[in-house]
Amino acid sequence: MKSPVVPETMRALVLTAYDGRPESLRVESRPVPRPTTGQVLVRVAAAPINPADLMFVRGQYGIRKPLPVVPGLEASGTVVASGGVAGRLLVGRRVACVAPGEGDGLWAEYAAVPLGQCLPLRGHVSDEQGASLFINPFTAWVLMARAKEGGHTALAQTAAAGTMGRMLLALAKRRGVAMVNVVRRPEQVALLQDLGAEYVLSTHEPEFEERLLRVCHELKVSLAFDPVGGRLTGQLLHALPEGGTVIVYGSLSEQECRIAPGDLIFGRKRVEGFWLSEWHRQGFGAAQIKALMGVPSLVGQTLETPVRARLPLESAGEAVRIASADMTSGKVLFVPAQGQAPGESP
């Protein structure tokens with residue numbers, strides 16, 4: 001197969017300060033990175049703005065890289081070059097990929113990515129769905145695997161109308177496990193009911209906390225997932241029967257978790273944190289191999305990512321604003337090729 005032509009320079013979205021200001025993200029012309037041994041060069045097709053990406057550009061994420069740096073934690077694209085023999089079989093293939101722990105991320109036209117952080121896309125998976133293959137689908141899979149291993153027969157979750165919440169709901173339905181879904185707005189209740197959710201509660205309903213406690217006790221919910229934080233973590237923990245556990249995997253509220261000490265002391269309840277990066281760092285054990293086999297077959301189907309906007313790198317300010325405003329409506333994707341001038345080569 002003839003190798004694709006790779007240009008000398010590319011457009012990249014560069015972060016200059018960890019302050020969350022739109023002007024701290026700007027498009028620059030940079031040399032196309034050259035993959036070293038163990039890396040491949042990916043021509044990026046689409047890259048989502050995840051809550052983790054928003055935390056990163058604000059300096060609140062678990063990884064803080066030296067500035068200036070290209071953000072972007074995951075993407076999809078086509079491998080156009082390899083830095084070694086091992087990656088040559090991927091040249092010309094579409095992949096989903098995760099940004100390296102050091103150096104630039106994936107909000108750019110091209111990115112050098114470690115071979116072990118690329119996953120070939122199956123034929124049924126579009127570039128848009130493949131762009132969000134790793135973070136949400138794998139997180140949902142691992143959390144549900146935790147529920148299965150612990151023998152939990154009823155679960156609860158917050159931010160249930162978001163992309164992750166819908167994935168967790170779909171996996172719970174697939175496994176025949178009851179799921180109590182907590183949302184913020186009445187229209188989100190209807191949305192989840194249309195998706196087949198049986199138990200949906202809005203935080204703005206009268207007597208929300210009493211209703212949540214009652215349904216969690218009736219169903220004997222023993223494990224709950226919370227990407228919100230703030231007061232809601234404590235409300236969820238309090239609603240669980242004695243011995244229940246809440247796993248916090250996000251910070252959408254950008255507030256500290258507020259927990260009543262009595263639930264920890266007298267209720268024998270627990271709060272744990274989950275970060276997918278730490279799970280990946282455990283290496284290729286049985287759980288990782290099972291996930292790598294199972295998740296790709298569900299992406300774009302059971303684990304579907306709704307997309308609400310597709311914008312070029314030049315629209316970074318608008319893209320971040322849209323992504324921050326309403327995550328229920330779907331992902332905002334950067335599509336680097338949209339920003340090319342007429343006559344430019346891809």
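Values in this document were obtained by computation on a predicted structure and should not be read as measured data. (Residues numbered from 1 in each chain as written. Predicted model: local features only at pLDDT ≥ 70, side-chain atom pairs only at ≥ 80, totals over all residues. Heavy atoms only, no water.)

## Here's the deal with the overall build of the protein
Here is step 1 of the chain: A tally of regular secondary structure across the protein gives eleven helices and 15 strands.
Here is step 2 of the chain: Taking 346 residues into account, the globule formula puts the C-alpha radius of gyration at 20 Å, and the protein, at 21 Å, falls close to it.
Here is step 3 of the chain: Reported as C-alpha extents along the three principal axes, the dimensions of the protein are approximately 60 × 40 × 35 Å.
Here is step 4 of the chain: Within the span of the protein, comprising 346 residues, buried residues form 51% of the whole.
Here is step 5 of the chain: When the accessible surface of the protein is split by element, carbon and sulfur atoms take 53% of a total near 15,700 Å².
Here is step 6 of the chain: Distance between charge centres in the protein, computed from 36 positive and 32 negative side chains, equals 5 Å. (Helix = DSSP H or I, 4+ residues; strand = E, 2+ residues; numbered from the N terminus. Rg over C-alpha atoms; globule rule 2.2 N^0.38 Å. Buried < 20%, exposed > 50% of the residue type's maximum accessible area, 1.4 Å probe, protein only. Areas by Shrake-Rupley, 256 points an atom, 1.4 Å probe, with all protein chains shown as cover. Lys, Arg positive; Asp, Glu negative; His and termini not counted. Charge placed at Lys NZ, Arg CZ, Asp CG, Glu CD.)

## Here's the deal with empty space enclosed by the protein
Here is step 1 of the chain: The tally for this structure, following the rule as stated, stands at two cavities of 30 Å³ or more.
Here is step 2 of the chain: In this structure, the largest cavity occupies an estimated 50 Å³ of space.
Here is step 3 of the chain: Lining the largest cavity, in full, are Leu15, Ala17, Asp19, Gly20, Arg21, Pro22, Ser24, Leu25, Val57 and Val320.
Here is step 4 of the chain: Per-class residue counts for the lining of the largest cavity are six nonpolar, two polar and two charged.
Here is step 5 of the chain: Counted as a void, the second largest cavity has a volume near 40 Å³. (1 Å grid on protein atoms, 1.4 Å probe; cavity = no way out; pocket = protein on both sides within 12 Å on 5 of 7 lines; lining within 4 Å. Points joined across faces, edges and corners; volume = space filled by probe spheres on them. Nonpolar A, V, L, I, M, F, W, Y, C, P; charged D, E, K, R; others polar.)

## Examining the nonpolar core
Here is step 1 of the chain: Ranked by internal contacts, the top residues of the largest apolar core, which has 48 residues, are Val42, Ile49, Trp107, Cys118, Val332 and Phe334.
Here is step 2 of the chain: If near-sequence neighbours (up to four positions away) are discounted, Val332 is found in contact with Ala47, Pro48, Ile49, Arg308, Ala309, Leu311, Ala319, Ile322 and Ala323.
Here is step 3 of the chain: With 33 residues, the next largest nonpolar core counts Ala140, Leu155, Val177 and Trp279 among its residues. (Core = buried A, V, L, I, M, F, W, Y, C linked by side-chain atoms within 4.5 Å. Contact = heavy atoms within 4.5 Å.)

## Regarding helix H10 (residues 286-298)
Since the α-helix packs 3.6 residues into each turn, any two residues three or four apart lie on the same face.
Here is step 1 of the chain: The terminal C-alpha atoms of H10 lie 19 Å apart, and with 13 residues this matches the ideal 18 Å at 1.5 Å per residue to within 8%.
Here is step 2 of the chain: Burial in H10 covers these residues: Gln288, Ala291, Gly294, Val295, Pro296 and Leu298.
Here is step 3 of the chain: Those residues of H10 hidden inside the fold are in contact with strand E7 (118-120), helix H3 (135-149), helix H4 (163-175) and helix H9 (276-281).
Here is step 4 of the chain: Two residues or fewer after H10 comes Gly300, characterised by a positive phi angle close to 85 degrees. (Expected span 1.5 Å × (residues − 1).)

## Some words on the pairing of strand E14 (residues 307-311)
For a regular strand, side chains alternate in direction, first toward one face of the sheet and then toward the other.
Here is step 1 of the chain: Summarising the sheet, E14 and strand E15 (residues 331-334) pair through four bridges and their orientation is parallel. The partner of Ala309 across the bridge, within E15, is Val332.
Here is step 2 of the chain: The β-α-β motif built from E14, the intervening helix H11 (residues 316-325) and the parallel element E15 has right-handed crossover chirality. (Pairing = 2+ DSSP bridges. Right-handed = clockwise from strand over helix to strand, strands pointing away.)

## Let's talk about the sheet that holds strand E13 (residues 270-273)
Here is step 1 of the chain: Pairing is parallel across the open sheet formed by six strands, whose spatial order is E10-E9-E8-E11-E12-E13. Edge positions in the sheet fall to strand E10 (199-202) and E13, since each has one partner strand and no second. Averaged over neighbouring strand pairs, the angle between their axes works out to 20 degrees when direction is ignored.
Here is step 2 of the chain: In the sheet, strand E8 (residues 154-157) pairs with strand E11 (residues 223-226) via three bridges, with the strands oriented parallel. From the neighbouring strand, Leu155 faces E11, where its bridge partner is Leu223.
Here is step 3 of the chain: Here H3 sits on the sheet in contact with E8, E11, strand E12 (245-248) and E13, set at roughly 165 degrees to E11. (Axes fitted to C-alpha atoms, helices over the stretch in contact; angles between N-to-C directions.)

## Here we look at the domain arrangement of the protein
Here is step 1 of the chain: Its domain assignment divides the protein into domain 1 (9-133 + 299-334) and domain 2 (135-278).
Here is step 2 of the chain: The gap between the C-alpha centroids of domain 1 and domain 2 is 29 Å.
Here is step 3 of the chain: Between domain 1 and domain 2, the contact holds 22 residues from the first and 20 residues from the second.
Here is step 4 of the chain: The contact between domain 1 and domain 2 buries some 1,600 Å² in all, and 61% of this surface belongs to carbon and sulfur atoms.
Here is step 5 of the chain: Three residues, Thr302, Leu303 and Thr328, lead the burial of domain 1 against domain 2; their summed loss comes to 33% of the area buried on that side.
Here is step 6 of the chain: At the boundary of domain 1 and domain 2, one finds one salt bridge.
Here is step 7 of the chain: Across the pair Arg58 and Glu254 runs a salt bridge whose closest N-O atoms are separated by 2.7 Å.
Here is step 8 of the chain: Connecting domain 1 to domain 2 are five residue pairs in polar contact (both at pLDDT 80 or more).
Here is step 9 of the chain: For the side of domain 1 that touches domain 2, a count of residues per class yields ten nonpolar, seven polar and five charged. (Domains from an automatic or database assignment. Buried area = accessible area lost by both parts, 1.4 Å probe. Salt bridge = Lys/Arg side-chain N within 4 Å of Asp/Glu carboxyl O. Polar contact = N/O pair within 3.5 Å; in protein donor to acceptor, adjacent residues only side chain to side chain.)

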